[in-house]
Amino acid sequence: MSVEHPAGGEGGRALPRRLGLTGSIGAGKSTVAALLREAGLTVIDADALARQVTADPAVLAELAALWPEVVSGQGAHAQLDRAALATRVFADPTQLAQLEAVTHPHIRVATGQALRAAAERGERWVVQDIPLLFEKGLDSDMDAVWVVDAPLELRLRRLAERSGLSREQALAREAAQWPPERKRALAGAVIENAGSLDELRGQVTGQLAALLAPPQGSGREDAVKR
């Protein structure tokens, strides 16, 4: 997915700066995103936008033409079997590229709309929660990047408890992403999520304070607008 970065919001407002949030599957990226929302930042969730896009009847019709077995019903009554679609595309890069060709133009539009809305609200930073941030080369669009990480065995246990994924299924999805050490090396900050929620919150609070701190000598505060 290539997210366009429009020059500015409506009325000439500059777009917010962008914090890219990513991490390996099961690392707890969604929990960090929730903590950032609590802190007052807008989070643009790529997975949520994808779900929104694939609920559109026109998009469902395109998906049904490619994979009839993953869409039931027609028109306004069409429904997507997301698990079946994931099983198909995660195992085949060609089919994944077909899915992205259908959905990503719509996701780019929705992302641009969310950025402009944040600009109109006067927000200085927004978070873009993107699982494949590095894999799709989107880190170059960001002003800062955080990687959420946790030990593999802990992540596998979380995936089994949260999503019912078998070890084999989880490892297959893990293999489709960059290894954690490669992401960590490119991150502006690494959030370690192997402890309690309070420990995680403390890390997020500290990293956010550093992110929002004004440059030395600027004489101004860079507050998050709620």
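The structure displayed is predicted, hence computed values, not measured ones.

Concerning the overall build of the protein chain
For the protein chain, the helix and strand inventory stands at nine helices and seven strands. Out of the 226 residues in the protein chain, the part that is buried amounts to 42%. Within the protein chain, contacts between residues separated by at least 24 positions form 71% of all contacts whose residues are at least 6 apart in sequence. Here the protein chain has roughly 11700 Å² of accessible surface; of this, 51% comes from carbon and sulfur atoms.

Remarks on the packing of aromatic side chains
Tallying each qualifying case throughout the model produces one aromatic pair. Centre to centre, the rings of F134 and W178 are 5.8 Å apart; their planes meet at 5°, and the pair counts as stacked. Of this pair, F134 sits in the loop between β5 (125-129) and β6 (144-149) while W178 sits in the loop between α7 (167-175) and α8 (180-186), placing them 44 residues apart in sequence. The side chain of R182 reaches across the aromatic face of W178, ending 3.4 Å from its centre.

A closer look at the packing of helix α3 (residues 57-66) against helix α5 (residues 93-120)
One way to put it is that α3 packs onto α5 with a least axis distance of 10 Å and a crossing angle of 175°. Taken as axis vectors, α3 and α5 run roughly antiparallel relative to one another. Between α3 and α5, the residues in contact are V59, E62, L63 and L66 and Q98, L99, V102, T103 and H106, respectively.

Here we look at the confidence of the model for the protein chain
Put simply, the protein chain has an average pLDDT of 88, and 89% of its residues get 70 or more. Taken as a whole, residues 1-10 scores under 50 in pLDDT and shows 30 contacts with residues more than four places along the chain or in a different chain. Taken together, the stretch residues 218-226 has pLDDT below 50 and engages in 21 contacts with residues farther than four places along the chain or on a different chain.

Things to note about the pairing of β6
Within β6, six of the six residues are buried, leaving the element largely enclosed by the surrounding structure. Alternating positions in β6 separate into two faces, A144, W146 and V148 on one and V145, V147 and D149 on the other, with burial throughout. Bridge count for strand β1 (residues 17-23) against β6 is five bridges, and the pairing is parallel. Residue pairing in the sheet places G23 in a bridge with V148 of β6. Relative to strand β7 (residues 189-192), β6 runs parallel, the two being bridged by four bridges. What sits directly across from D149, in β7, is E192.

A word on helix α2 (residues 46-53)
Residues of α2 that are buried: A46, L49 and V53. For α2, the arc enclosing every buried residue in end-on projection is 60°, short of the 170-degree limit, so these residues lie on one face. Of the surrounding secondary structure, the elements contacted by the buried residues of α2 are β2 (42-45), α3, α5 and β5. Two or three places before D47, at the start of α2, stands the capping residue D45, its side-chain oxygen 2.9 Å from that residue's backbone nitrogen.

The rules behind the values
Residues numbered from 1 in each chain as written. Predicted model: local features only at pLDDT ≥ 70, side-chain atom pairs only at ≥ 80, totals over all residues. Heavy atoms only, no water. Helix = DSSP H or I, 4+ residues; strand = E, 2+ residues; numbered from the N terminus. Buried < 20%, exposed > 50% of the residue type's maximum accessible area, 1.4 Å probe, protein only. Contact = heavy atoms within 4.5 Å. Areas by Shrake-Rupley, 256 points an atom, 1.4 Å probe, with all protein chains shown as cover. Phe/Tyr/Trp six-rings, centres within 6.5 Å; stacked < 30°, edge-to-face > 60°. Lys NZ or Arg CZ within 6 Å of the ring centre and 35° of its normal. Axes fitted to C-alpha atoms, helices over the stretch in contact; angles between N-to-C directions. Parallel < 35°, antiparallel > 145°, perpendicular 65-115°, else oblique. pLDDT = per-residue confidence, 0-100. Pairing = 2+ DSSP bridges. Arc of directions from axis to C-beta. Polar contact = N/O pair within 3.5 Å; in protein donor to acceptor, adjacent residues only side chain to side chain.

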